[in-house]
Amino acid sequence: MASRSAVISGTGMSVPERVVTNADLEKLVDTSDEWIRTRTGIRERHVAREDECMSKFAVEASRRALEAAAVDAKDVDLVVCATVTPDMPIPATSCSIQQQLGCGKAAAFDMQAGCSGFIYAQSVAKQFLLTSRCSHILVIGAELLTKFVDWSDRTTCVLFADGAGATLMSAGEAPRGVLASVMHTDGNMGDFITLEAGGTLHPPSEETLRRGMHFIRMRGNETFKIAVRMLEDVAREALDQAGIPAERVDWFIPHQANLRIIDAVAKRLAIPEERCCVNVDRYGNTSAASIPIALDEAVRSGRVRAGDVVLMAAFGAGLTWAASVVRW
Ligand code: UT7
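Just so it is clear, the structure is predicted and the values come from calculations on it, not from any experiment.

A word on the overall build of the protein chain
And step 1. Counting secondary structure elements, the protein chain contains 11 helices and 13 strands.
And step 2. Over its C-alpha atoms the protein chain spans a radius of gyration of 19 Å, differing by no more than 12% from the 20 Å that the globule rule assigns to 328 residues.
And step 3. If you take every contact in the protein chain between residues at least 6 apart in sequence, the share linking residues at least 24 apart comes to 77%.
And step 4. Of the roughly 14300 Å² of accessible surface on the protein chain, 51% is carried by carbon and sulfur atoms.
And step 5. Within the protein chain, the 41 negative side-chain charges are centred at a point lying 3 Å from the centre of the 35 positive side-chain charges.

Shown next, in the form of C-alpha cells:
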C-alpha cells in the first residue's frame, strides 16, 4: 500500500496592479537603473496602493490555489500564512483570510520566519498532513513590504516589494509530495535585517516614529556574504535527506532576493540556468511570498510536470534559512 504523503495540489498568486520601475526610483533617491539591475537583477516591482492590505492579495492567491486544486474552501482544515507584514498585530491575518475565503472549519495562524517563512509553513503543514486527520491545508506567503520601506533609503527601497503566493497542500500518496524539509535559525545574526519598533521592546511612540524605527533596515552586504553559503548548505542537506542528487533536480526555486545570489548558489549546486526559476527582475524581493509566486508561475507556464523534482531554498531575517524537496 502506498504511504501517506503531503502533496501540493494547487498553486496561486496575486500582486498589486501598480508597477514601479527602476526609472521611477531614480526620481526618489540617488540611484540608477544600471546600479539596481547589475547589483540585484531587479527591473521593476509591484507596489500596493495606500488602501490595500496584505490579506487582499493572500485571499486572491488562495482562491486561485483552491480553484487549481478543485477543492472547496469549506474543506480546508488549516490556514497558515507566512508573513512579516500582517494586516495588523492582533488578530492574526490568517484569521481574516479564513473568514474572507469561507474556510469555516479551518484553524488559522500566522507564521513569522522572515523570507524563509513559506518553507517553514510548508514544513509545518507537511507534519499536520502526515500526523493528523487534516486533509487540506492552505500554505500562504504574503507580504506588503513597501508599507514598511523608507523611501529615502536607497539601500532598501530599491529591493523590497509586494505580492502573495499560495499553495494548497493535501494528503496524498507517495512517491508524490514533500520528500524533505530542513529549517535552521541563528539568532546571533538577528540584527542583520530588522524592523525594530511596534513590538514590546519598542512600542510605537513619537520617538520611534521620529527615529524611523518602523522601517525595514538591512545590513545588505553582510547578509549577502553569508547567504550564498547557507543556501548551498541547506539545499544540499534537503537533497541528502530526500536521497536525491543535485543533478536530478528538475526545478530550483530559490528565494528571489538578488540575481547574483541565485546565480552563485545554482552554480555551486551545478544546476543549469534553464532549470532555475527566476522572476526577481519583475517582482523584486517579496520575502515570504517570493517562492510561492515563482512556483505558481513555473506551474502555470507548464514547466513543472508530474514526477518532477522541485528544490526550494530560502534565507532571511532571523537569521533563518530553509529548504525543501518536493516530487510533483
Ligand atoms: O531577503 C532577505 C535576505 N536579503 C538578502 O539576501 C539581501 C542580500 N544583500 C544584497 O542583495 C546586496 O548586499 C545588496 C543588493 C543589498 C547591496 O549590494 P552590494 O553589492 O552588497 O552593495 P554594498 O551594500 O556593498 O554597497 C556598495 C555601494 C555603496 O557605496 P560605497 O560605500 O561603495 O560608496 C552603497 O552606498 O553601493 C551603494 N549603494 C547604492 N548605489 C546606488 C547602495 N544602494 C544603492 C543604490 N543605488 N540603490
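There's more to say after this.
Quick notes on the sheet that holds strand 4 (residues 78–82)
And step 1. Spatially, the five strands line up as an open sheet ordered 1-7-6-4-5, and their pairing is mixed. Both outer strands of the open sheet, strand 1 (4–14) and strand 5 (107–111), are each paired with one neighbouring strand and no more. Going across the sheet, the axis of each strand differs from the next one's by a mean of 20 degrees, ignoring polarity.
And step 2. Across five bridges, strand 4 lies against strand 6 (residues 136–144) in parallel orientation. Across the sheet, the residue bridging to valine 80 is valine 139, located in strand 6.
And step 3. Contacts from helix 11 (residues 290–300) reach strand 1, strand 6 and strand 7 (162–173), with the element oriented near 95 degrees to strand 1.

Thoughts on the sheet that holds strand 12 (residues 309–316)
In a beta sheet, neighbouring strands are held together by backbone hydrogen bonds and run either parallel or antiparallel to one another.
And step 1. Strand order in this open sheet of four strands is 8-13-12-11, and the pairing throughout is mixed. Both outer strands of the open sheet, strand 8 (177–185) and strand 11 (251–254), are each paired with one neighbouring strand and no more. For this sheet the average axis-to-axis angle between neighbouring strands, irrespective of direction, equals 10 degrees.
And step 2. Relative to strand 12, strand 11 runs parallel, the two being bridged by four bridges. Looking across to strand 12, one finds that phenylalanine 252 is bridged to leucine 311.

Some words on the domain arrangement of the protein chain
And step 1. According to the domain assignment, the protein chain consists of domain 1 (4–174) and domain 2 (179–327).
And step 2. Inter-centroid distance (C-alpha atoms) of domain 1 to domain 2 is 14 Å.
And step 3. With 47 residues of domain 1 at the interface, the matching set in domain 2 holds 45 residues.
And step 4. Of the roughly 3600 Å² buried at the junction of domain 1 and domain 2 (both faces included), carbon and sulfur atoms supply 63%.
And step 5. When the area that domain 1 buries against domain 2 is broken down by residue, the three leading residues are Cys115, Ile119 and Tyr120, summing to 18%.
And step 6. At the boundary of domain 1 and domain 2, one finds two salt bridges.
And step 7. Between aspartate 153 and arginine 217 there is a salt bridge, with the nearest N and O atoms lying 3.4 Å from each other.
And step 8. Counting the contacts that link domain 1 with domain 2 gives 23 residue pairs in polar contact (both at pLDDT 80 or more).
And step 9. Put simply, the parts of the chain that give the side of domain 1 that touches domain 2 at least two residues each are strand 1, helix 2 (33–40), strand 3 (44–46), helix 3 (54–69), helix 5 (117–131), strand 6 and strand 7.
And step 10. The greatest single-element share of the side of domain 1 that touches domain 2, amounting to seven residues, is contributed by helix 5.
And step 11. Considered class by class, the residues forming the side of domain 1 that touches domain 2 number 21 nonpolar, 16 polar and 10 charged.

As for the site of the ligand
And step 1. For the ligand, the set of nearby residues contains 23 residues, the closest of which are Thr31, Asn221, His255, Asn258 and Asn285.
And step 2. With respect to the ligand, the side chain of asparagine 221 contributes an N or O atom lying 2.7 Å from an oxygen atom.
And step 3. Asparagine 258 is positioned such that a nitrogen or oxygen atom in its side chain is 2.7 Å from an oxygen atom of the ligand.
And step 4. In isolation the ligand offers 960 Å² of accessible surface; the protein chains occlude 73% of this area.
And step 5. Elements supplying a minimum of two residues to the shell around the ligand: helix 2, helix 6 (154–157), helix 8 (220–242) and helix 9 (259–268).
And step 6. Ranked by residues supplied to the shell around the ligand, first place goes to helix 8 with four residues.
And step 7. The residue makeup of the shell around the ligand, split by class, is 10 nonpolar, nine polar and four charged.
And step 8. For the shell around the ligand, the domains that each give at least three residues are domain 1 (4–174) and domain 2 (179–327).

Some remarks on the packing of aromatic side chains
And step 1. One pass over the structure, following the stated rule, counts zero aromatic pairs.
And step 2. The ring of tryptophan 251 carries the charged tip of arginine 275 above its face, separated from the ring centre by 5.7 Å.

Quick word on the pairing of strand 5
And step 1. Of the pairings in the sheet, the one linking strand 4 to strand 5 comprises five bridges and is parallel in character. Counterpart to valine 80 in the pairing with strand 5 is phenylalanine 109.
And step 2. Handedness of the β-α-β unit built from strand 4, helix 4 (residues 93–101) and strand 5 comes out right-handed.

Thresholds, definitions, all that
Residues numbered from 1 in each chain as written. Predicted model: local features only at pLDDT ≥ 70, side-chain atom pairs only at ≥ 80, totals over all residues. Heavy atoms only, no water. Helix = DSSP H or I, 4+ residues; strand = E, 2+ residues; numbered from the N terminus. Rg over C-alpha atoms; globule rule 2.2 N^0.38 Å. Contact = heavy atoms within 4.5 Å. Areas by Shrake-Rupley, 256 points an atom, 1.4 Å probe, with all protein chains shown as cover. Lys, Arg positive; Asp, Glu negative; His and termini not counted. Charge placed at Lys NZ, Arg CZ, Asp CG, Glu CD. Pairing = 2+ DSSP bridges. Axes fitted to C-alpha atoms, helices over the stretch in contact; angles between N-to-C directions. Domains from an automatic or database assignment. Buried area = accessible area lost by both parts, 1.4 Å probe. Salt bridge = Lys/Arg side-chain N within 4 Å of Asp/Glu carboxyl O. Polar contact = N/O pair within 3.5 Å; in protein donor to acceptor, adjacent residues only side chain to side chain. Nonpolar A, V, L, I, M, F, W, Y, C, P; charged D, E, K, R; others polar. Near = heavy atom within 4 Å. Phe/Tyr/Trp six-rings, centres within 6.5 Å; stacked < 30°, edge-to-face > 60°. Lys NZ or Arg CZ within 6 Å of the ring centre and 35° of its normal. Right-handed = clockwise from strand over helix to strand, strands pointing away.

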